[in-house]
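# Structural overview for review
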Amino acid sequence: MSDPNAPAHHRHIGFDRLHNFRDLGGYRSADGRTVAWGALYRSDSLGKLAGAAARADRDRFLGLGIRTVIDLRYPWEIEAKGRIPEPERFTYANFSIEHRPYDQAAIDPDIDPWRYLADRFAEVTEDGVEEIRRTIELIAAGPGPAVFHCTSGKDRTGLIAAFVLTLLDVSEEQILADFALTELATARLTADWHAANPGRTMRWPSYGRAPAQILSLVLADLATRYGSPAEYLAARVGITPETAALLRDRLLR
């Protein structure tokens, strides 16, 4: 189990095929409690655990005792890339929080990349309210430990992580720092894209990046529209005080 005082990069749990699997433990809540280690994880696609070559990774994953798996991808992404092997072993749910697909590798390299991605996040916060609510409710009430993931564990996963930490009353500084840890996985995520797309050119030089500036813009936008990210979660997403209390009871120590 990780040490809450360990360097931030120790949150990354080492796998051969998973590049962005992280423990959300150790963050400090405003009431002085700490997010429990080994209770909630975030990840890139768990479909990478399929196949004989992934046996060691799969055994390592199963050793974490995870019981709830939430897949944030589109159903067509799951069809193309696969879901976690043997989903019946878990409480498994697919909540596709994004409703307007786009190809990050093909983004115009001349646009402001962080404002562009913040605007895509804004679309998710409006289009995906039902799926966001169901994701958070399952994290709060489903069997634990739990993991949620998308393809790279960066944008959709990063947004859910930010919302969970917001409900746990973790400071924005820590929330932004957690988001930016994907930067440690960028090189491997980019290499995966090239391996999976032979013959294609990656137009966007910021592919796989996740600087804190993106999420800072997203949280500021929510504050402008709703008063605060917490008010957005209550008023727009429909997270009840009971769900928020259940989440805190489950994850804070």
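Residues numbered from 1 in each chain as written. Predicted model: local features only at pLDDT ≥ 70, side-chain atom pairs only at ≥ 80, totals over all residues. Heavy atoms only, no water.

### Comments concerning the confidence of the model for the protein chain
As a general rule, the predicted coordinates of low-pLDDT regions are not to be interpreted in detail. The following threshold applies: How sure the predictor is of each residue is captured by pLDDT, a score from 0 to 100. Whether two residues touch is decided by their heavy atoms; if any such pair falls within 4.5 Å, the residues are in contact.
Residues at a pLDDT of 70 or more form 96% of the protein chain, whose mean pLDDT is 95. A low-confidence stretch, residues 1-7 (pLDDT under 50), is modelled with 7 contacts involving residues beyond four sequence positions or located in other chains.

### Describing the layout of surface pockets
The test is simple: Only protein atoms enter the 1 Å grid used here, on which a cavity is any set of points holding a 1.4 Å probe that cannot leave and a pocket is any open set flanked by protein within 12 Å on both sides along at least five of seven lines; residues with an atom within 4 Å of a point are listed as lining. Grid points are joined across faces, edges and corners, and a volume is the space filled by probe spheres set on the points. Only DSSP runs of H or I with at least four residues qualify as helices, and only runs of E with at least two residues qualify as strands; both kinds are numbered from the N terminus onward. Residues were grouped as follows: Ala, Val, Leu, Ile, Met, Phe, Trp, Tyr, Cys and Pro as nonpolar; Asp, Glu, Lys and Arg as charged; and all remaining residues, including Gly, as polar.
Size it by volume and the largest pocket reaches roughly 890 Å³. In terms of lining, the largest pocket is formed by 29 residues, of which the most central are E77, T151, S152, W193 and Y207. Within the residue set of the lining of the largest pocket, elements represented by two or more residues are helix 2 (75-81) and helix 7 (186-196). In the lining of the largest pocket, the residues fall into 11 nonpolar, 7 polar and 11 charged.

### Considering the packing of helix 3 (residues 113-127) against helix 4 (residues 129-141)
Put simply, the test is: Axes here mean lines fitted to C-alpha atoms, for a helix over just the part in contact, with angles spanning 0 to 180 degrees between N-to-C directions. Just so you know how the angles are binned, under 35 degrees is roughly parallel, over 145 roughly antiparallel, 65 to 115 roughly perpendicular, and the rest oblique.
Running from N to C, helix 3 and helix 4 point in directions that differ by 80 degrees, and their axes come no closer than 5 Å. Classified by the interaxial angle, the pair formed by helix 3 and helix 4 is roughly perpendicular. The residues of helix 4 that touch helix 3, namely those facing V124, T125, E126 and D127, are V129, E131 and I132. Looking at the contact of helix 3 with helix 4 residue by residue, the classes come out as 3 nonpolar, 1 polar and 3 charged.

### Topic: the nonpolar core
What counts here: By convention a nonpolar core is built from buried Ala, Val, Leu, Ile, Met, Phe, Trp, Tyr and Cys residues, the set being connected through side-chain atoms within 4.5 Å. Classification of residues uses two cut-offs on accessible area relative to the type maximum, computed with a 1.4 Å probe and protein chains only: under 20% is buried, over 50% is exposed, and between them is partly exposed.
By size, the foremost hydrophobic cluster in this structure holds 59 residues, and its most contacted members are I132, I139, F148, V164 and L168. If you list the elements that add at least two residues to this core, you get helix 3, helix 4, strand 5 (146-149), helix 5 (156-167), helix 6 (172-180), helix 8 (212-226), helix 9 (229-237) and helix 10 (241-251). Counting residues per element, this core draws most heavily on helix 5, at 8 residues. Counting 14 residues, the second largest nonpolar core, distinct from the first, contains L18, Y41, Y92 and V147.

### A look at helix 5
As a reminder of what qualifies: In a helix, the anticipated span is given by 1.5 Å times the number of residues less one.
Helix length check: helix 5 (12 residues) gives 17 Å between terminal C-alpha atoms against 16 Å at 1.5 Å per residue, within 8%. Buried residues dominate helix 5, accounting for 12 of its 12 residues. If you check which residues of helix 5 are buried, you get R156, T157, G158, L159, I160, A161, A162, F163, V164, L165, T166 and L167. Once helix 5 finishes, D169 follows within two positions and takes phi at roughly 60 degrees, a positive value.

### Describing the packing of helix 6 against helix 8
Formally: The hand of a helix crossing depends on one turn: near helix anticlockwise from the far one by less than a right angle means left-handed, and clockwise means right-handed.
One way to put it is that helix 6 packs onto helix 8 with a least axis distance of 8 Å and a crossing angle of 135 degrees. On the basis of the axis angle, helix 6 is oblique to helix 8. By crossing handedness, the relation of helix 6 to helix 8 is classed as right-handed. Residues E172, I175, L176, F179 and A180 of helix 6 form the contact with helix 8, whose participating residues are A212, I214, L215, S216 and L219. Its residues placed into classes, the contact of helix 6 with helix 8 shows 8 nonpolar, 1 polar and 1 charged.

### So, the side chain of H19
Let me state the cut-off plainly: Definition of a polar contact: a pair of N or O atoms within 3.5 Å, with one able to donate and the other able to accept a hydrogen when the atoms are protein atoms, and with sequence-neighbouring residues admitted only if both atoms are side-chain atoms.
Within the element layout of this structure, H19 appears in the segment before strand 1 (22-23). Its relative accessible area of 11% is what places H19 among the buried residues. Here the side chain of H19 touches R17 through a polar contact of 3.5 Å, landing on its backbone oxygen. In contact with H19, other than residues within four places in its own chain, are H12, D44, K48, A185, R188, L189 and D192.

### Focus on empty space enclosed by the protein
Enumeration over the complete set of coordinates arrives at 3 cavities of 30 Å³ or more. Approximately 50 Å³ is the volume attributed to the largest cavity. If you go around the largest cavity, the residues you meet are I97, E98, Y102, R120, F121, V124, D155, R156 and L159. Listing elements by their share of the lining of the largest cavity, those giving two or more residues are helix 3 and helix 5. No other element matches the 3 residues that helix 3 contributes to the lining of the largest cavity. Taken together, L49, R58, F61, L62, I84, P85, E86, R89 and F90 form the lining of the second largest cavity. Class assignment for the residues of the lining of the second largest cavity results in 6 nonpolar, no polar and 3 charged.

### A short note on the side chain of K154
Within the secondary structure, K154 is located in the loop between strand 5 and helix 5. At 3.3 Å, the side chain of K154 forms a polar contact with the backbone oxygen of R209. Residues contacting K154, with those up to four places away along its chain left out, are N20, R42, Q104, L117, F179, T182, G208, R209 and A210.

### A short note on helix 9
Where we set the bar: The arc in question is formed by the directions pointing from the helix axis toward the C-beta atoms.
Where helix 9 is concerned, the buried positions are P229, Y232, L233 and V237. Taken around the axis of helix 9, the buried residues stretch over an arc of 100 degrees, which confines them to a single face. Residues of helix 9 that are buried make contact with helix 3, helix 4, helix 5 and helix 8. Trailing helix 9 by a residue or two, G238 shows a phi angle of about 90 degrees, which is positive.

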